[in-house]
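Residues per chain, in single letters:
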Amino acid sequence: MDLKSIKNISVIGSGLMGSGISQIFASYGYQVKSYDVDPGQELIMRDLIRSNLSLVMADQADKTEQIEQIISRITFTTDLQSAAESADFVVECVPENMNLKQEVFSALDSICRSDVPLASNTSVMSITEIASKCEGKHRIIGTHFWNPPFLLPLVETVRTENTSEQVIELTMQLLKKVGKKPILVKKDVPGFVANRLQHALWREAISIVENGIADAQTVDEAIKYSFGMRLPVLAPLENSDMVGTDLVLSIHEYVLPHLERSPKPSPYLEKLVTAGKLGFKTGKGFMEWTQGEQRQLRNNMINHLIKATGQKD
């Protein structure tokens, strides 16, 4: 199979990520089959996609017509056989449950043509383990889209020891065609690349609060108004080369022994969860949140991403 022969995309799971991924492919002219076990998910999925598209097309006079045209390319089904049998490429977006994912991939492996790549959108789970019950292990690959998928460009393309070079190349080409920035993760490790980096930062941020060095709001402000502002154009290894690897080595020799390096979750984080302080879900977490503050933060994030990705001037 080559890129030109891919016409039909199947997205298995139509939740937040599945809906966004269906939207991406439909926006680029592909026919999409969206599968979910819950028939009620169809209306939720379509409403979510309309809302997403309305945000990025806010200033376009004919946005309603364009939105409905995109949505018309998406067919919803609760029958996995129907969803997968005509697929040229499949993306799985079911909940993060290993047994469920293995069951889904085993079924897809038996339904889909032998040349069809089968991709998982898992954010942390082993692609190798997900593929373990399949015959066609060579065609199974990770494609971790980031939330919100219709705005964030990155897709972590994760190979296993069994994934064929042809499947890797075809997947990368397809992702580029639909406007994504795919990166190749050479080893199937927990957290892949970006989540390992993100949670290393979160571990230190939580530790600073736990040890009374600064409160939660101060920690976030320290990131937002310093290196966070330059990260889009100056990433850590670029910055290391800019200032000199010798200086980085000197700093690390001094500071790394003082950084958090526990292999377990923070006791402070565990106490928050035990106390029912679950963040936005309960109005209290590291900080306190009103409904208005929650909406404002979400809106700020979406508007920032729309502007940063050039989807709206």
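Our structure is the block above this text.
Caption draft 1: Up close: the nonpolar core. Judged by nonpolar contacts, the single largest core of 40 residues is most densely connected at Ile9, Phe25, Phe145 and Leu174. Sort the elements by how many residues they give to this core and helix α7 (residues 165–177) lands first, with six residues. Beyond its immediate sequence surroundings of up to four residues, Phe25 is in contact with Ile9, Tyr30, Val32, Val91, Phe145, Leu174 and Val178. Residues Tyr35, Val90, Val104 and Leu108 belong to the second largest nonpolar core, which totals 25 residues.

Caption draft 2: Representation of the sheet that holds strand β6 (residues 140–145) within the structure. Pairing is mixed in the open sheet, where eight strands are placed in the order β3-β2-β1-β4-β5-β6-β7-β8. Every interior strand has two partners, whereas the edge strands, β3 (74–77) and β8 (181–185), have only one. Along the sheet, successive strands turn relative to each other by an average axial angle of 25 degrees, direction set aside. Of the pairings in the sheet, the one linking strand β1 (residues 8–12) to strand β2 (residues 31–35) comprises five bridges and is parallel in character. If you follow Ile12 over to β2, its bridge partner there is Tyr35.

Caption draft 3: Spatial organisation of the packing of helix α11 (residues 236–243) against helix α12 (residues 245–255). Where α11 meets α12, the closest approach of the two axes is 6 Å, and the angle between their N-to-C directions is 105 degrees. Our classification of the angle between α11 and α12 gives roughly perpendicular. Across from Ser240, Asp241 and Val243 in α11, the residues of α12 making contact are Thr245, Leu247 and Val248.

Caption draft 4: Broad picture of unusual backbone geometry. Note the cis peptide between Asn147 and Pro148, where omega equals 0 degrees. Tracing the sequence through the fold places Pro148 in the loop between β6 and β7 (154–158). If you check the backbone angles, Phe192 has positive phi at about 55 degrees while not being a glycine. Position of Phe192 among the secondary structure elements: in the loop between β8 and α8 (194–210).

Caption draft 5: Molecular detail of the environment of Ser207. Checked against the element boundaries, Ser207 lands in helix α8. On the basis of relative accessibility, which here comes to 7%, the residue Ser207 falls in the buried class. Linking Ser207 and Leu297, residues 90 residues apart in sequence, is a C-alpha distance of 23 Å.

Caption draft 6: Up close: the pairing of β2. Since β1 and β2 lie parallel, the crossover through helix α1 (residues 16–27) that links them has a hand, and here it is right-handed. Relative to β3, β2 is paired through four bridges, and the arrangement is parallel. The residue of β3 that forms the bridge with Ser34 is Phe76.

Caption draft 7: The side chain of Ser14, seen in detail. Checked against the element boundaries, Ser14 lands in the loop between β1 and α1. At 3.0 Å, the side chain of Ser14 forms a polar contact with the side chain of Asp36. Not counting residues up to four positions away in its chain, the partners in contact with Ser14 are Ser19, Ser34, Tyr35, Asp36, Gln41, Met45 and Phe76.

Caption draft 8: Quick look at a nonpolar patch on the surface. Residues Leu201, Trp202, Phe227 and Leu231 make up a contiguous nonpolar surface patch of about 350 Å² in total accessible area. Here Leu201 shows up in helix α8.

Caption draft 9: Molecular detail of the packing of aromatic side chains. Within this structure, the stated rule accounts for three aromatic pairs. Judged by centre distance (5.0 Å) and plane angle (65 degrees), the rings of Phe280 and Trp289 are edge-to-face. The partly exposed category is assigned to Phe280, whose relative accessible area is 25%. Under the relative-accessibility criterion, Trp289 is labelled partly exposed at 23%.

What counts, and at which threshold
Residues numbered from 1 in each chain as written. Predicted model: local features only at pLDDT ≥ 70, side-chain atom pairs only at ≥ 80, totals over all residues. Heavy atoms only, no water. Core = buried A, V, L, I, M, F, W, Y, C linked by side-chain atoms within 4.5 Å. Buried < 20%, exposed > 50% of the residue type's maximum accessible area, 1.4 Å probe, protein only. Helix = DSSP H or I, 4+ residues; strand = E, 2+ residues; numbered from the N terminus. Contact = heavy atoms within 4.5 Å. Pairing = 2+ DSSP bridges. Axes fitted to C-alpha atoms, helices over the stretch in contact; angles between N-to-C directions. Parallel < 35°, antiparallel > 145°, perpendicular 65-115°, else oblique. Right-handed = clockwise from strand over helix to strand, strands pointing away. Polar contact = N/O pair within 3.5 Å; in protein donor to acceptor, adjacent residues only side chain to side chain. Patch = residues over 30% accessible without salt bridge, like charges linked within 9 Å, V, L, I, M, F, W, Y side chains within 5 Å. Areas by Shrake-Rupley, 256 points an atom, 1.4 Å probe, with all protein chains shown as cover. Salt bridge = Lys/Arg side-chain N within 4 Å of Asp/Glu carboxyl O. Phe/Tyr/Trp six-rings, centres within 6.5 Å; stacked < 30°, edge-to-face > 60°.

Any functional reading would require information that these geometric values do not contain.
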